[in-house]
Amino acid sequence: MHDNDVSVVDRRGPAIPEAQAIAAHEAMLAQLPGAQPIRLIDELGAVDESDLSVGYQLPDDDTLLDAYRRMVIARRWDTQVTALTRQGRLATYPSALGQEAGEIGSVMGVEDQDWLFPTYRDTIALLTRGMQPSEILPFFRGEWHVSYDPHAHRISNQTTPLATQALHAVGFAHAERLQGRDTVALTYLGDGSTSEGDAHEAMNFAATWNAPTVFFVQNNQYAISVPIDHQTKSRSIADRAAGLGMRGVWVDGNDVAAVIAVVRDAVARARRGEGPTLIEARTYRLEAHTNSDDPTRYREKLEQERWGFADPISRLAAYLRAKDLLTDAVEEEITAAAEELAAATRDAMNATPNLDPLEMFDHVYATPRASLLEQRAALEAEIAQHETEELAS
């Protein structure tokens, strides 16, 4: 029988029973995010009691004061690292200025046993989890590809290729579940990364295999110079989750209270075996993409000023001051801590690193290949010759 001899209806296969089709349609709709992003504290620092906060509980005051402290310190640190990059102390640095609520709120939403899978822009997340600048920044100076012990902090290496870490996160989470471990993997993505095939494959695998994964997308409105409306026609990135059979949530990414609440909920669901969640945190990158980027070529100054009114730090400060939780004395103590970290970072990056070029061969293969050993020997001989010539001169 030829394909042309088969009716269109027969070609589609057996019809889905109406009740089953309706149930599947309703289940898909339930996975979609709401009409607007989740928000718990508005731009003026007031508690949002509208429908935008339904289903989520405002974190306690101690948590929010801690979040404020972390955001202030992180912003001072970020500006210090950017300055060091402009001075030539680092090769490159992708700033997260303006994205502190997403970076810090997401870390505060996971548990100690959970793993993070960051991108190159998520250094504030690493800092929030307790990593020292001396562990983070060698990566951006070209000293090490992974300049810290991932197991010590439960943080995978920062990735430069877009979305590859999402596949690692899903595979890791699936393996942890198979071994009976109570672990959730949170992977960071930018809005541009979600246009990569790796992101779709990771989300599809996570949904199909029910891997305990949270996809945390920081939609900062630009994939370098490409605006979000040139990347997708969907209402939100979070809408894509429903098509894959998993839950999608979008959140005001400049409201750290909402970010903490949404991430906590997604992590708890994943841990209970209720599947992965795609979270879209709508935010804005105030600085350039990296130090080699010129955002004035593709962004209007007025746009940046408008987003400045939604600043995550001033928003939370207004809330905390209204409750007499943030006093001048507390503010001074936080500022002093921020300056102390900035000074320590300057000292660490101004120190001349003691590097051994031969280390590049140490962790390539468990059993080194003959060609690799030959290359190592050649470099070792060249270094020895150079040292001999220096002594002779």
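Residues numbered from 1 in each chain as written. Predicted model: local features only at pLDDT ≥ 70, side-chain atom pairs only at ≥ 80, totals over all residues. Heavy atoms only, no water.

Asks: Go over the nonpolar core with me, naming the residues and quoting the values.
Replies: In this structure, Tyr68 and Leu316 are the most contacted members of the largest nonpolar core, which totals 65 residues. The element best represented in this core is helix 12 (residues 256-271), accounting for 11 residues. Among all residues touching Tyr68, those that are not within four sequence positions of it are Ile313, Leu316, Ala317, Leu320, Leu326, Glu331 and Ile334. (Core = buried A, V, L, I, M, F, W, Y, C linked by side-chain atoms within 4.5 Å. Buried < 20%, exposed > 50% of the residue type's maximum accessible area, 1.4 Å probe, protein only. Helix = DSSP H or I, 4+ residues; strand = E, 2+ residues; numbered from the N terminus. Contact = heavy atoms within 4.5 Å.)

Asks: Lay out the packing of aromatic side chains with the relevant residues and their values.
Replies: One pass over the structure, following the stated rule, counts 10 aromatic pairs. Relative to Trp209, the ring of Phe205 lies with its centre 6.0 Å away and its plane at 25 degrees, an arrangement referred to as stacked. Of this pair, Phe205 and Trp209 both sit in helix 10 (residues 197-209), separated by 4 residues, roughly a single helical turn. Note on Trp209: relative accessible area 46%, which makes it partly exposed. (Phe/Tyr/Trp six-rings, centres within 6.5 Å; stacked < 30°, edge-to-face > 60°.)

Asks: So what's going on with the pattern of salt bridges? Residues and values would help.
Replies: Per the stated rule, a full pass over the model turns up 24 salt bridges. Two residues, Arg321 and Glu331, come together in a salt bridge whose shortest N-O distance is 3.3 Å. Remark: Glu331 occurs in helix 15 (residues 328-350) and Arg321 occurs in helix 14 (residues 312-322); sequence separation between them is 10 residues. Judged by its relative accessible area of 36%, Arg321 is partly exposed. The exposure class of Glu331 is buried, given its relative accessible area of 18%. (Salt bridge = Lys/Arg side-chain N within 4 Å of Asp/Glu carboxyl O.)

Asks: Provide a residue-level description of unusual backbone geometry, including the pertinent values.
Replies: Of note, the phi angle at Arg154 is positive, near 55 degrees, even though the residue is not glycine. Residue placement: Arg154 occurs in the loop between helix 8 (150-153) and helix 9 (164-178).

Asks: Mind laying out the side chain of Ser156, listing which residues take part and the relevant values?
Replies: Relative to the elements of secondary structure, Ser156 occurs in the loop between helix 8 and helix 9. Among the polar contacts listed, one links the side chain of Ser156 to the side chain of Asn157, at a separation of 3.3 Å. Setting aside residues up to four positions removed in sequence, Ser156 forms contacts with Trp115, Leu116, Phe117, Pro118, Tyr148 and Pro150. (Polar contact = N/O pair within 3.5 Å; in protein donor to acceptor, adjacent residues only side chain to side chain.)

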